[in-house]
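# Overview (structure and organization)
Residue-level listing of the chains:
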Amino acid sequence: MTETPALVATATSTNAAGTITVTATDAGTITELRFAAPEYGHGAAALAAEILRLVQRSTLLARARRREALAQAGLAAVLLDRLGLPAPEVVAAELERLDATAATAAATPRGWVRAL
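Scoring rules and cut-offs
Residues numbered from 1 in each chain as written. Predicted model: local features only at pLDDT ≥ 70, side-chain atom pairs only at ≥ 80, totals over all residues. Heavy atoms only, no water. Salt bridge = Lys/Arg side-chain N within 4 Å of Asp/Glu carboxyl O. Buried < 20%, exposed > 50% of the residue type's maximum accessible area, 1.4 Å probe, protein only. Helix = DSSP H or I, 4+ residues; strand = E, 2+ residues; numbered from the N terminus. Polar contact = N/O pair within 3.5 Å; in protein donor to acceptor, adjacent residues only side chain to side chain. Contact = heavy atoms within 4.5 Å. Pairing = 2+ DSSP bridges. Axes fitted to C-alpha atoms, helices over the stretch in contact; angles between N-to-C directions. Expected span 1.5 Å × (residues − 1).

Bringing the pattern of salt bridges into the picture now. According to the stated counting rule, one finds seven salt bridges in the structure shown. For Glu-32, the salt bridge identified is with Arg-34, shortest N-O distance 3.4 Å. Residue classification places Glu-32 among the partly exposed positions, given a relative accessible area of 35%. Judged by its relative accessible area of 43%, Arg-34 falls in the partly exposed class. A salt bridge links Asp-99 to Arg-53; its shortest N-O distance comes to 3.5 Å. Of this pair, Asp-99 sits in helix H3 (residues 88-107) while Arg-53 sits in helix H1 (residues 44-72), placing them 46 residues apart in sequence. Judged by relative accessible area, Arg-53 falls into the buried class, the value being 7%.

Laid out in structure tokens, this is it:
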């Protein structure tokens, strides 16, 4: 007998510095959010943008897990596509885009002090 897939797929993403961690479901619901106190110093907009990026990343990974679980349970690829669950190549491209966004944000100065 095949095992029934979990009702809710989740995934966790952490920023490069390891100071923000987000766990989200395949529907995009945040189930856990942790961030270190120094993140307050970067401003609310920067913190919100990074949390949003990590939620998008976690949601994408959870949707990929959901697709994999349903495929292992025997659901046809055409049905997985109709459900809107991302194929592995789509996941890879989207992760690359999200991670490039983070790299661009990391290169942008966050404070009011600038080098002379």
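Next up on the list: the side chain of Glu-50. The topology assignment puts Glu-50 in helix H1. Its relative accessible area of 12% is what places Glu-50 among the buried residues. At 2.8 Å, the side chain of Glu-50 forms a polar contact with the side chain of Arg-53. Residues contacting Glu-50, with those up to four places away along its chain left out, are Asn-15 and Ile-20.

Right, let's talk about the sheet that holds strand S1 (residues 10-14) for a bit. Read from one edge to the other, the open sheet built from three strands follows the order S1-S2-S3, with strand pairing classed as antiparallel. Two strands close off the open sheet at either side, each with one partner strand: S1 and strand S3 (30-35). If you compare each strand with its neighbour and ignore which way they point, the axes differ by 10° on average. Both strand S2 (residues 20-25) and S3 contribute to a ladder of five bridges, which runs antiparallel. Directly across from Thr-21, in S3, lies its bridge partner Arg-34. Helix-sheet contacts for H1 involve S1, S2 and S3, and the interaxial angle to S2 is about 40°.

This part covers the environment of Ala-77. Assignment of secondary structure puts Ala-77 in helix H2 (residues 77-82). A sequence separation of 10 residues divides Ala-77 from Ala-87, and the C-alpha atoms of the two residues are 8.9 Å apart.

This part is about H1. In this model H1 runs 42 Å from its N-terminal to its C-terminal C-alpha over 29 residues, within 8% of the 42 Å that 1.5 Å per residue would give. Where H1 terminates, the next one or two residues include Gly-74, which has phi positive at roughly 105°.

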